[in-house]
Structures are given as structure tokens and as C-alpha cells.
Amino acid sequence: MLTSPVIAQEQIVKTITVTGQGIESIPATIATVQMGVEIEGQNPAQIQQEVAQRTTALLEILGSNNVEKLQTTGIQLRPNYRYDDNRRQLVNYTATNLVSFETSIDQVGTILDETVNVGATRIDSVSFTATENAINQAQSRALQKATDDAQRQSQAVLGALNLTPQEVITININGANTPRPLMMESMSDRAALSSAPSTPVVAGEQEVRASVTLQIRY
């Protein structure tokens, strides 16, 4: 007895793939500062001692303002040379002591002024960021916005084609980024700060972006 072969026909799964975007803006509330003392002179021991004295006064100011994450980031004493006719000639020495710290946006301007008044000569960078908790919450909201955006896109396309979405087959979370710190122009000249009674600081906002990709069966 002969039997006819049974041909199994695979069911074609009809899907649409969409990627949604989400953006959440949050205010920067924390300032991270890199600054310190730098002095040039002929006597290395003398300028090193002066740098130490000024740095001690600088640290006292920072301590009295209850800054956070205070640490020394660099100590250096280097000779400076001049080259004439391929001959090296010692000119002087440079002594440096650098620190970094975090503080609130509201008080960073006043702290910068106070540190300059006690002898700080370098402000290498001031960057602004939100708190870790604020960033985490913003990332969650950005992901939710991205998911809603992807769903709106699928509904608009399928609705235009008179098709009905059935279920989400796959979800690809492309992530929510950590915002880059906002940078303030660096100032290394003491006069740049000492000319004003209080240095104004405006931090602005950071953007957290997220994307979510959905594959939806219809």
C-alpha cells in the first residue's frame, strides 16, 4: 500500500520591529573641582615649602566647607630649562600640589574664591553632574519613554495597514547612557577669580538617553 507524503507547511510569523527613543533631562547639582598651588622660583626647597604652606591653608578652607571626596591628585617639583645652541641651562624650578573634591553647585563659587584668597593659583577644571540617585531614576524614566515610543510607532504603522498587534516577541534594551559631566572653562590665573566678590556658577542640565527595540507579532 502506497502512502502519499505529508508536506508540513511552516506557519509564517508576521512581525514588525521598531526602536523607540527616550530622553530625560536632569539638573546638575554636584561640582567636581581639580585645583591647587603652583609656584616658580630659584630655590627648590623654598618654593616647595611655600607650596606646602599654601596647600595647608587650602585644605583648611576645603575642610571647613565640608567638601566631599577630597584627595591629593598630584605633587611635583621639576626643573625648568632653556636651550641655547644645543646647550641646556637651568632657569628655575616649579613646585605643584594639586587636589580634587566634590561640593554642591550652590557653594562652589564661594569656595573657589576663598581658596584663591589663601593662595591657590590653579583651577584646572570644574565639571558638573547630577547625583547617582538622580541619574538612576532618569535612566528608568528614559527607558520607559523609549518603550512607549516604540509601541506608538508600531501602533501607527499597523493601524495604517489595518493590522492588529498581537504580542511582543522580543525586547532588546539598548540601554540608558550615563550622562557626560558638563565642563566649565578652566582658569589658571589667580586674577581671573580674585577680581569678583563671588564667582557665579551655573551648571545647566544633563541629558540621559535610552533606546528600546521591540519585535511585535501581528
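Keep in mind that what you see is a predicted model, and the values were worked out from it rather than measured.

Draft legend 1. Expanded view of the overall build of the chain. Within the chain, the secondary structure is distributed over 4 helices and 8 strands. Overall, the chain shows an N-to-C arrangement of helices and strands of β-β-α-β-β-α-β-α-β-β-α-β. Scored against the burial criterion, the 218 residues of the chain give a buried share of 36%. Counted over contacts in the chain with a minimum sequence separation of 6, partners at least 24 positions apart contribute 85%. Working note: accessible area of the chain is about 13,600 Å², and carbon and sulfur atoms make up 48% of it.

Draft legend 2. Focus on helix H3 (residues 132-160). Between its terminal C-alpha atoms H3 stretches 42 Å, which fits the 42 Å expected from 29 residues at 1.5 Å a residue. Taken as a whole, H3 has its buried residues at Ile135, Ala138, Gln139, Ala142, Ala146, Asp149, Ala150, Ser154 and Leu158. The inward-facing, buried residues of H3 contact strand S1 (15-27), strand S5 (122-129), strand S6 (167-176) and strand S8 (205-217). One or two residues past the end of H3 sits Asn162, with phi positive at roughly 60°.

Draft legend 3. Expanded view of the pattern of salt bridges. Counted according to the given criterion, the structure contains 10 salt bridges. Between Glu24 and Lys145 there is a salt bridge; the shortest N-O distance is 2.7 Å. Here Glu24 is found in strand S1, whereas its partner Lys145 is found in helix H3, with 121 residues between them in sequence. Two residues, Arg209 and Glu207, come together in a salt bridge whose shortest N-O distance is 3.0 Å. Under the relative-accessibility criterion, Arg209 is labelled partly exposed at 46%. Taking relative accessible area as the criterion, Glu207 reaches 40% and is therefore assigned partly exposed. Each of Glu24, Arg141 and Lys145 takes part in one network of salt bridges that share partners.

Rules of the game
- Sequence order as written defines residue numbering, which begins from 1 separately in each chain.
- Per-residue local features of the predicted model are confined to residues with pLDDT of at least 70, and side-chain atom pairs are confined, for both listing and counting, to 80 or more; whole-chain, interface and lining totals are unaffected and use all residues.
- In computing side-chain properties, one takes all heavy atoms of the structure into account and sets aside hydrogens as well as water.
- Helix and strand definitions follow DSSP, with helices as H or I runs of at least four residues and strands as E runs of at least two, each counted in order from the N terminus.
- Each residue is placed in one exposure class: buried if its accessible area under a 1.4 Å probe, protein chains only, is under 20% of its type's maximum, exposed if it is over 50%, and partly exposed if it falls in between.
- Whether two residues are in contact is decided by their heavy atoms, any of which lying within 4.5 Å being enough.
- Each accessible area is a Shrake-Rupley result for a 1.4 Å probe, and residues are judged covered by the shown protein chains and nothing else.
- In this analysis, the expected span of each helix is defined as 1.5 Å times one less than the number of residues it contains.
- Salt-bridge detection follows one rule: a side-chain nitrogen of Lys or Arg within 4 Å of a carboxyl oxygen of Asp or Glu.

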